Amino acid sequence: MKRLIFILSAMLGTTALQAQDISLDSCQSWARQNHPLLKQAGVIDDLSAIKQKSIASVNLPQIDLTGRVTYQSDVTRIPISLPVPVKEMSKDQYKLYIDVKQKLYDFGLNKNRKVVEEADRKISQQQNETDLYKIRETVNALYFQSLTLQENKRILNLKKQMLEERVAVLSSAVKHGMTLPNELDNLKAEFILTEQQLTEANAGQQTSSELLSLITGKKISIVTQFALPVISSDNNRINRPELKLFSLQQEKLDRSRKLLANSRQPYAYAFGQAGYGRPGLNMLNNNFDDWYMVGMGISWNLWDGNKTKHDKAALQKQKGLIDIQRENFERAINISATQQRNEIDKFGKLIGMDLQLVTLKEQIAKRSASAFDNGTLTSADYIRDLNASLQAKASLEIHKIQKVQAMVNLQTILGE
């Protein structure tokens with residue numbers, strides 16, 4: 001028995017050393033770095049930079065080249081007789097000219113367009129962060145599934161080792177006619193059943209490990225040891241990326257409202273034209289001639305049919321919708337957080353009872369093992385008590401894992 005205790009202690013010690021091979025934080029970090037959405041962040045910035053350049057180009061001179069050929073039914077005539085005959089204007093006319101227009105001042109309209117575009121960029125980036133955050137739930141589920149299977153395998157290996165030692169002792173007893181073969185067969189049958197359970201656990205861990213490998217981009221196998229996360233605090237404050245997204249959306253609506261106000265302001269511009277055609281600026285000259293014209297102008301939309309007023313009202317309604325969405329989101333988060341806190345409390349109570357059960361079941365299993373070794377207990381009764389003891393240990397460890405999982409889920413829900 002001392003030898004058995006020594007072997008179990010060595011095995012548990014080795015497991016504790018290997019438990020630091022991988023952590024939940026590492027898996028979360030790897031999953032984020034490996035996610036295709038992370039590459040999208042750079043594309044969003046590049047796209048916004050192009051749009052900003054497009055907006056800025058409005059302040060550059062606008063140059064148009066225009067060509068026209070017309071034929072008209074009548075032309076300008078001088079309705080008086082002159083001493084010198086005046087040649088009648090041609091009805092076919094030709095124009096080719098360059099038109100240059102430069103905006104001088106727009107009362108901040110273009111500046112506010114840039115501000116709105118920057119708000120769009122921030123919203124796109126935050127939406128990307130929100131989508132990236134959702135992968136945390138998948139990683140949590142796979143990690144704790146692997147951790148649970150790891151603990152199940154540890155308990156099953158412990159049972160397997162105990163059965164091996166009992167089979168070795170009982171084989172000798174059967175060989176010398178000290179006990180019936182049925183007792184040995186019962187132990188061997190239980191050993192095979194334990195092997196089957198280990199096979200199922202290995203298959204489950206293989207699946208979860210392969211899925212984690214795909215998500216994280218790291219090589220994770222069934223021999224990888226998963227560390228139980230250490231949770232330090234329970235923060236009640238919601239810090240989800242969705243909340244920042246709601247704030248950015250409202251900020252954009254405020255910027256858009258200001259842009260609408262600027263769109264009704266007047267703007268000043270300079271212009272110039274230079275061309276060649278018939279007639280030129282002198283309408284009495286029927287020959288081809290070159291010409292140019294320069295000047296300044298102002299444009300002011302005095303009335304737009306209340307379009308701006310309606311657009312502002314629509315923006316205000318959109319802000320109201322975002323407020324409702326935020327309220328609904330926070331309500332859902334609080335409901336989920338309450339559920340997880342109740343789960344944490346439940347598992348805490350179960351762990352307290354598990355500790356008592358483990359003590360009692362271990363004592364029963366030890367007495368059964370002693371009685372079985374002395375031939376006063378059947379193998380079936382020994383297996384029953386052994387299973388009950390190991391099941392109590394398994395329940396204790398699984399409840400510990402489930403409590404930590406509930407704490408991690410709570411942090412994920414709140415955005416920690």
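Residues numbered from 1 in each chain as written. Predicted model: local features only at pLDDT ≥ 70, side-chain atom pairs only at ≥ 80, totals over all residues. Heavy atoms only, no water.

1. So, the overall build of the protein chain
Link 1 in the chain: From N to C terminus, the protein chain includes 9 helices and 4 strands.
Link 2 in the chain: Expected size for 416 residues packed as a compact globule is a radius of gyration near 22 Å; at 41 Å, the protein chain overshoots this value by more than 25%.
Link 3 in the chain: Buried residues in the protein chain amount to 35% of all 416 residues.
Link 4 in the chain: Intrachain contacts of the protein chain at a sequence separation of at least 6 include 84% that bridge at least 24 residues.
Link 5 in the chain: For the protein chain, the accessible surface area stands at approximately 25,100 Å², while carbon and sulfur atoms represent 56% of it.
Link 6 in the chain: The centroid of the 55 positive side-chain charges in the protein chain is displaced by 4 Å from the centroid of its 45 negative side-chain charges. (Helix = DSSP H or I, 4+ residues; strand = E, 2+ residues; numbered from the N terminus. Rg over C-alpha atoms; globule rule 2.2 N^0.38 Å. Buried < 20%, exposed > 50% of the residue type's maximum accessible area, 1.4 Å probe, protein only. Contact = heavy atoms within 4.5 Å. Areas by Shrake-Rupley, 256 points an atom, 1.4 Å probe, with all protein chains shown as cover. Lys, Arg positive; Asp, Glu negative; His and termini not counted. Charge placed at Lys NZ, Arg CZ, Asp CG, Glu CD.)

2. A short note on a positive patch on the surface
Link 1 in the chain: A grouping of Lys111, Lys122, Lys244, Arg255 and Lys258 is seen on the molecular surface, where their side chains present a positively charged patch.
Link 2 in the chain: Mapped onto the positive patch, the elements with two or more residues apiece are α4 (109–133) and α7 (241–263).
Link 3 in the chain: A per-element tally of the positive patch places α7 first, with 3 residues.
Link 4 in the chain: Tracing the chain through its elements places lysine 111 in helix α4. (Patch = residues over 30% accessible without salt bridge, like charges linked within 9 Å, V, L, I, M, F, W, Y side chains within 5 Å. Salt bridge = Lys/Arg side-chain N within 4 Å of Asp/Glu carboxyl O.)

3. Section: the pattern of salt bridges
Link 1 in the chain: Tallied over the entire structure, the rule returns 19 salt bridges.
Link 2 in the chain: Among the ionic pairs, lysine 159 bridges to glutamate 190, the shortest N-O distance being 2.5 Å. Highlighted residues: lysine 159 in helix α5 (residues 135–175) and glutamate 190 in helix α6 (residues 181–216), separated in sequence by 31 residues.
Link 3 in the chain: Since its relative accessible area comes to 6%, lysine 159 is described here as buried.

4. Comments concerning a nonpolar patch on the surface
Link 1 in the chain: A surface patch of nonpolar side chains, amounting to about 470 Å² of accessible area, comprises Ile63, Leu65, Leu96, Ile98 and Val100.
Link 2 in the chain: Elements represented by at least two residues in the nonpolar patch include exactly β1 (62–71) and β2 (92–105).
Link 3 in the chain: Ranked by the residues each element gives to the nonpolar patch, the list is headed by β2, at 3 residues.
Link 4 in the chain: Among the structural elements, valine 100 can be located in strand β2.

5. Section: the side chain of serine 213
Link 1 in the chain: Counting through the fold element by element, serine 213 comes out in helix α6.
Link 2 in the chain: Residues in contact with serine 213, not counting those within four places in the same chain, are Lys218, Lys219 and Ile220.

6. With respect to the packing of α6 against helix α9 (residues 379–414)
Link 1 in the chain: Contact geometry of α6 with α9 gives a least axis separation of 9 Å together with a crossing angle of 30 degrees. Taken together, α6 and α9 sit at an angle that is classed as roughly parallel. Across from Asn182, Glu183, Asn186, Leu187 and Glu190 in α6, the residues of α9 making contact are Ser379, Ala380, Tyr382, Ile383 and Asn387.
Link 2 in the chain: For the contact of α6 with α9, the per-class residue count stands at 4 nonpolar, 4 polar and 2 charged. (Axes fitted to C-alpha atoms, helices over the stretch in contact; angles between N-to-C directions. Parallel < 35°, antiparallel > 145°, perpendicular 65-115°, else oblique. Nonpolar A, V, L, I, M, F, W, Y, C, P; charged D, E, K, R; others polar.)

7. Structural notes on the environment of isoleucine 63
Link 1 in the chain: Relative to the assigned elements, isoleucine 63 resides in strand β1.
Link 2 in the chain: Judged by its relative accessible area of 59%, isoleucine 63 falls in the exposed class.
Link 3 in the chain: As a C-alpha pair, isoleucine 63 and valine 100 span 37 residues in sequence and 4.6 Å in three-dimensional space.
Link 4 in the chain: Apart from the residues within four sequence positions on either side, isoleucine 63 is in contact with Ile98, Asp99 and Val100.

8. A closer look at the packing of aromatic side chains
Link 1 in the chain: Under the counting rule described, the total for this entry stands at 9 aromatic pairs.
Link 2 in the chain: Residues tyrosine 143 and phenylalanine 226 carry aromatic rings whose centres are separated by 5.2 Å and whose planes lie at 80 degrees to one another, so their mutual orientation is edge-to-face. Separated by 83 residues along the polypeptide, tyrosine 143 in helix α5 and phenylalanine 226 in the loop between α6 and α7 bring together distant segments of the chain.
Link 3 in the chain: Phenylalanine 226 sits in the buried class, given a relative accessible area of 1%.
Link 4 in the chain: A network of ring pairs unites the aromatic residues Tyr94, Tyr276 and Phe288 as a single cluster.
Link 5 in the chain: Over the ring of tyrosine 269 we find lysine 101; its NZ or CZ atom is 4.2 Å from the centre of that ring.
Link 6 in the chain: Geometry around tyrosine 267 places lysine 103 over its ring, the cationic atom sitting 5.0 Å from the centre. (Phe/Tyr/Trp six-rings, centres within 6.5 Å; stacked < 30°, edge-to-face > 60°. Lys NZ or Arg CZ within 6 Å of the ring centre and 35° of its normal.)

9. Remarks on unusual backbone geometry
Link 1 in the chain: The step from arginine 278 to proline 279 runs through a cis peptide bond, and the omega angle for that step is -5 degrees.
Link 2 in the chain: Tracing the backbone shows proline 279 in the loop between β3 (267–278) and β4 (289–299).
Link 3 in the chain: The phi torsion at asparagine 306 lies on the positive side, around 65 degrees, for a residue other than glycine.
Link 4 in the chain: Within the secondary structure, asparagine 306 is located in the loop between β4 and α8 (307–373).

10. Side note on the nonpolar core
Link 1 in the chain: Grouped together as the largest cluster of nonpolar side chains are 20 residues, with contacts concentrated most on Val139, Tyr143, Phe144 and Phe226.
Link 2 in the chain: When residues of this core are traced back to their parent elements, those giving at least two are α2 (24–34), α5, α6 and α9.
Link 3 in the chain: Looking at which element gives the most residues to this core, the answer is α5, with 6 residues.
Link 4 in the chain: Valine 139 has contacts with Leu24, Cys27, Gln28, Ala31, Leu212 and Ile215, leaving out every residue within four places of it along the chain. (Core = buried A, V, L, I, M, F, W, Y, C linked by side-chain atoms within 4.5 Å.)

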